[in-house]
Amino acid sequence: MAEIKLNAEVRSEFGKGAARRTRRANLVPAVIYGHGAEAVHITLPAHELQLALRTANVLIGLEIDGKDALVIPKAVQRNALKGNIEHVDLLTVKRGEKVEVEVAVHVEGELAPGSNLLEYVQNTLLVEAEATHIPESVTVSIAGLDAGASILAKDIPLPKGSVLAGDEDAVVLQVVSAQAEEPSADAAETEGAEA
């Protein structure tokens, strides 16, 4: 995974009014924490951060007052209506350090013929990987699976260097048969009256 570089500035103003002024200046308030150090309050350029966060578990190299920091996003708060980023919590990491992150589960292939539906019990999988080699996603084949089949976390192949960090017996995907809805009593009466 490529590292994205961003310039950050330490912020000294706090509270709702300060956060609004920061956002009006096209900046996003953020907090860096981890490794037992005191939290550092910063601002990041909104547009560049928005682009960086398009990649899940992105590795971000920050330059803060001439010092470098390597971080990954831990929590992102977005405006419910506009979708723009309002605040970000960042976790400090070191090269070679193992971190636990959630990665997206993608599927490939077609289910067995018939009225089968794929149900995602979990959309993500908790894995442990080196901070500089976090997978963007994991892919599992559902080819030929029929109703009643399920895929457990331990059944999903992980990229080299990644290990499962969550419950290995957790159901991630399951195949169910489509259920036809029974006509309601009103619909049945209407059809009988028309005949």
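Summary of the structure given here. Within any chain, residue numbers begin from 1 and follow the written order of that chain's sequence. Local features in a predicted model are, by the rule used here, given only for residues with pLDDT of at least 70; side-chain atom pairs are given and counted only at 80 or more, and totals for whole chains, interfaces and linings are based on all residues. The side-chain values count all of the structure's non-hydrogen atoms but skip hydrogen atoms and water molecules.

1. Section: the pattern of salt bridges
Right, so step 1: Basic side-chain nitrogens of Lys or Arg form a salt bridge, by our definition, when they fall within 4 Å of a carboxyl oxygen of Asp or Glu. If you walk through the whole model with that rule in mind, you get one salt bridge.
Right, so step 2: For the salt bridge of Asp169 with Lys154, the shortest nitrogen-to-oxygen distance reads 3.0 Å. Remark: Lys154 occurs in the loop between strand S11 (150-152) and strand S12 (163-164) and Asp169 occurs in the loop between S12 and strand S13 (171-177); sequence separation between them is 15 residues.
Right, so step 3: Partly exposed describes any residue whose relative accessible area lies between the buried limit of under 20% and the exposed limit of over 50%, with all areas from a 1.4 Å probe on protein chains only and scaled to the type maximum. What makes Lys154 partly exposed here is its relative accessible area of 47%. Only DSSP runs of H or I with at least four residues qualify as helices, and only runs of E with at least two residues qualify as strands; both kinds are numbered from the N terminus onward.

2. A closer look at the sheet that holds S11
Right, so step 1: Two strands are said to pair when DSSP picks up at least two bridges between them. Here three strands make up an open sheet; going across it, the order is S8-S13-S11 and the pairing antiparallel. Single-partner strands in this sheet number two, and they are strand S8 (116-120) and S11. Looking at each pair of strands side by side, their axes are set apart by 15 degrees on average, direction ignored.
Right, so step 2: With three bridges connecting them, S11 and S13 associate as antiparallel partners. In the strand pairing of S13, Ser150 is matched with Gln174. Only the stretch in contact is used when fitting a helix axis, every axis being a line fitted to C-alpha atoms; angles between N-to-C directions are given from 0 to 180 degrees.

3. Description of unusual backbone geometry
Right, so step 1: For Asn26, which is not glycine, the phi dihedral falls at a positive 60 degrees.
Right, so step 2: For Asn26, the position within the fold is in the loop between helix H1 (16-24) and strand S2 (27-34).

4. Considering the side chain of His87
Right, so step 1: Its location among the elements puts His87 in strand S6 (residues 85-92).
Right, so step 2: His87 gets classed as buried once you look at its relative accessible area, which sits at 15%.
Right, so step 3: In what follows, a contact means two residues having at least one pair of non-hydrogen atoms within 4.5 Å. Beyond its immediate stretch of four places on either side in the chain, His87 contacts Arg11, Val28, Pro29, Ala30, Val31, Ala75, Val76 and Gln77.

5. Remarks on the sheet that holds strand S7 (residues 98-108)
Right, so step 1: In spatial order, the strands read S10-S7-S9-S12; together these four strands make up an open sheet with mixed pairing. Of all strands in the sheet, those bounded by a partner on one side alone are strand S10 (137-141) and S12.
Right, so step 2: For S7 and S10, the ladder comprises five bridges, and the chain directions are parallel. Looking at the pairing, His106 lines up with Thr139 of S10.

6. Concerning the layout of surface pockets
Right, so step 1: The calculated volume of the largest pocket comes to roughly 270 Å³.
Right, so step 2: Residue lining of the largest pocket: 17 residues in total, with Ile32, Val40, Ile64, Asp68 and Ala69 positioned closest to the centre.
Right, so step 3: Top contributing element to the lining of the largest pocket by residue count: strand S5 (residues 67-78), with four residues.
Right, so step 4: For the lining of the largest pocket, a count of residues per class yields nine nonpolar, three polar and five charged.
Right, so step 5: Space inside and on the surface of the protein is sampled on a 1 Å grid over the protein atoms alone, with a cavity defined as a set of points where a 1.4 Å probe fits but cannot get out and a pocket as an open set with protein on both sides within 12 Å along at least 5 of 7 lines; lining residues have an atom within 4 Å of a point. Grid points are joined across faces, edges and corners, and a volume is the space filled by probe spheres set on the points. What the second largest pocket holds in volume is close to 190 Å³.
Right, so step 6: Together, Arg23, Asn26, Leu27, Val28, Ala46, His47, Gln50, Asn79, Asn84, Ile85 and Glu86 line the second largest pocket. Only Asp, Glu, Lys and Arg are considered charged in this grouping, and only Ala, Val, Leu, Ile, Met, Phe, Trp, Tyr, Cys and Pro are considered nonpolar; every other residue, Gly among them, is considered polar.

7. Digging into the environment of Ala30
Right, so step 1: Locating Ala30 in the fold gives a position in strand S2.
Right, so step 2: For Ala30, a relative accessible area of 0% translates into the label buried.
Right, so step 3: Expressed as a C-alpha distance, the spacing of Ala30 and Glu136, which sit 106 residues apart in the sequence, is 23 Å.
Right, so step 4: Among all residues touching Ala30, those that are not within four sequence positions of it are Arg11, Val40, His41, Ile42, Leu44, His87, Val88 and Leu90.

8. Looking at the nonpolar core
Right, so step 1: The definition of a nonpolar core used throughout is a set of buried Ala, Val, Leu, Ile, Met, Phe, Trp, Tyr and Cys residues joined through side-chain atoms within 4.5 Å. If you look at the biggest cluster of nonpolar residues, it comprises 23 residues, and the most contacted ones within it are Ile72, Leu125 and Ile156.
Right, so step 2: For this core, the secondary structure elements donating two or more residues are S5, S7, strand S9 (124-130), S10 and S13.
Right, so step 3: Residue contributions to this core peak at four residues, all from S7.
Right, so step 4: Not counting residues up to four positions away in its chain, the partners in contact with Leu125 are Val101, Glu102, Val103, Val105, Val138, Ala153, Ile156, Leu158, Leu164 and Val172.
Right, so step 5: Counting 17 residues, the second largest nonpolar core, distinct from the first, contains Ile32, Leu49, Ile64 and Leu90.

These values are about where atoms sit, not about what they do.
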